[in-house]
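# Overview (structure and organization)
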Amino acid sequence: MSDTIAAIATGDKKSAIGIVRISGDGALNALFSVFRPKSVRAEDMEAGRLYYGELKDASGETVDLCLATISKAPRSYTGEDTAELHCHGSPVILAEALRALFKAGARQAEAGEFTKRAFLNGKLDLTGAEAVADMIDAESPLAAKNAVLQLSGAVFARAEAIYDALVAISSHFQATVDFPDDGVEDFRLEEYRGTLTSARDELNRLASTYERGRFIRGGLPCAIVGRPNAGKSSLFNALLGYERAIVTPVAGTTRDALSESLTVGGMTLRISDTAGLRDASDFIEAEGIRRAEAAADAARLVIGVFDGSQALTPEDERTMRAMESAPVSIAGLNKSDLPKLSDMPGAVRVSAKTGEGIDALTERIKAALEPYSGESGALLTNERHLRHIENAASALASAITAVELGATPDAVLTVLEEAQSALASLMGKNLRDDVVNDIFSRFCVGK
Ligand SMILES: Nc1nc2c(ncn2[C@@H]2O[C@H](COP(=O)(O)OP(=O)(O)OP(=O)(O)O)[C@@H](O)[C@H]2O)c(=O)[nH]1
Ligand SMILES: [Mg+2]
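In this report, we go over the structure that sits alongside the text. (Residues numbered from 1 in each chain as written. Chains lettered and ligands numbered in written order. Predicted model: local features only at pLDDT ≥ 70, side-chain atom pairs only at ≥ 80, totals over all residues.)

## Remarks on the site of ligand 1
Defined as follows: To decide whether a residue is near a molecule or strand, its C-beta atom is placed from the backbone and checked for lying within 6 Å of it. Think of it this way: any DSSP run of H or I at least four residues long counts as a helix, any run of E at least two long counts as a strand, and we number them from the N terminus. Amino acids are sorted into nonpolar (Ala, Val, Leu, Ile, Met, Phe, Trp, Tyr, Cys and Pro), charged (Asp, Glu, Lys and Arg) and polar (every other residue, Gly among them).
As a structural note, the neighbourhood of ligand 1 is formed by 24 residues, with Gly231, Ser233, Ser234, Thr254 and Gly276 the closest of them. Take the shell around ligand 1: its biggest share by element is three residues, from helix H9 (residues 232-240). Grouping the amino acids of the shell around ligand 1 by side-chain chemistry returns eight nonpolar, twelve polar and four charged.

## Comments concerning the environment of Thr69
Our working definition: Note that contacts rest on C-beta atoms placed from the backbone: two residues are in contact if these are within 7 Å.
Relative to the elements of secondary structure, Thr69 occurs in strand E5 (residues 62-71). Expressed as a C-alpha distance, the spacing of Thr69 and Leu50, which sit 19 residues apart in the sequence, is 4.8 Å. Ignoring anything within four residues of it in the chain, the contact list for Thr69 reads Arg49, Leu50, Ala83 and Glu84.

## Digging into the sheet that holds E5
Here is the rule we go by: DSSP calls a pair of strands paired once it identifies at least 2 bridges connecting them.
Spatial ordering of the open sheet is given by E3-E4-E5-E6-E2-E1-E7, a layout of seven strands whose pairing is mixed. Strands at the two margins of the open sheet, each flanked by one partner only, are strand E3 (35-37) and strand E7 (107-108). Sheet topology note: the E5/strand E6 (residues 82-88) ladder contains five bridges and is antiparallel. Looking at the pairing, Thr69 lines up with Glu84 of E6.

## Notes on the pairing of strand E9 (residues 258-264)
As paired strands, E9 and strand E10 (residues 267-273) are joined by seven bridges and run antiparallel to one another. In the sheet register, Glu260 faces E10, and the bridge partner there is Ile271. Connecting the antiparallel pair E9 and E10 is a turn made up of two residues, with Gly265 showing a positive phi of about 55°.

## What to know about the nonpolar core
How we decide: Working definition: the nonpolar core is a set of buried Ala, Val, Leu, Ile, Met, Phe, Trp, Tyr and Cys residues, joined through C-beta atoms within 7 Å. Exposed residues have 12 or fewer other C-beta atoms within 10 Å of their own C-beta, buried residues have 20 or more, and residues in between are partly exposed; the C-beta atoms are placed from the backbone. For the domain bounds, the source is a domain assignment made automatically or taken from a database.
In this structure, Ala6, Val20, Leu31, Ala97 and Val302 are the most contacted members of the largest nonpolar core, which totals 119 residues. Sort the elements by how many residues they give to this core and helix H6 (residues 154-178) lands first, with eight residues. Composition of this core by domain shows at least three residues from each of domain 1 (5-120) and domain 2 (216-373). Ignoring any residue separated from it by four or fewer positions in sequence, one finds Val20 in contact with Ala6, Ile8, Ala9, Glu84, Leu85, Cys87, Leu94, Ala97 and Leu98.

Right, here's the structure in full:
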């Protein structure tokens, strides 16, 4: 028995179409009481078809001409009877539809409740359900692509294969203990050493994808640094395509670091424009410079900007140092529209003012992102997954050491159980209710 939940699935902005979802034992009855199909009686609606008809509000008056569809348990997203109303996307109409459904016995769905039901009814594994949230939050094509891999079970399948292999080891041992005379093959732990090592290696490999996965999901931190007046803010604006930062001829214009998102090569960059690096006497500016250097430290990609229309100065050395300590850096020799007074091998010549060289700079950024954005199969993006995978890997490492030290099977299997239980938690087996609730509460309403 499940109560009936309903929610607007399409947000609260005006749109061409707005969808209200309903799920639970009373979903179809709730729909029948608010929707009158034109072609058939509501009760005769078939699953998987769209019907055109009238939407009635709580007092029975027609508020919209819309479409509706039903799915019957267990062949639906949640595994329960479900229905959807595809209305005109006015927040007012959708609110009326919802109110009428509440009057017909449904209640407001909580955040993530549809997906939680799908998980509890075995329609989705937990890592897949979590990927649904990642997919909705995706800010770049690569993030969406990675989420869909997880949704289709990429992480789950790996964890499950390892889990099954560990369970097979335990049950073999258990069989030799429980049925010593039944011709069960002798249990020799050493024979499983290869299985344990490759499981550990596979988990470590998966854990090592987290860093990239995290950047694909959350964006890669990038800082634009350079001496005052080099044209950092101008370049920031040119890359973003609009006048985000203040640009003036006064050296020391930018104080606070400004951050924006930019998609390059399918990947999101969290790009910051920063205060010009120099020895500042003004303490507000000095604080800005401290922040600029902190942004450069935190960045994976540092773009150093130099003024090509002037000779290099000692202040530029600070920029070079910031670039050297970054994992990846690109030099931009700016103001290419003016006569060239300095040179820098390997730098991209740009003019933030005329736009010359900006495409070349973007190409360089794309190439620099290649280690993060290149093809690689599914990446871990979720900290919860990382934690369980690391726990499982470290339990396996202890088990392997125990085998090497000649420990008894019991002792080794106890450690193996820890690995199994970490993998079980990853996959959403034996999770406590509060943990499940916490995971789904991060979703949006209607999902
Ligand atoms: N001719 C020319 N002038 C530029 C170019 N880029 C920036 N400028 C000018 O250089 C001056 C400084 O530009 P900003 O973008 O504010 O420089 P900044 O590096 O952000 O300076 P601070 O914020 O003070 O550190 C402004 O007058 C810009 O118009 C360029 O490519 N060509
Ligand atoms: Mg600036």
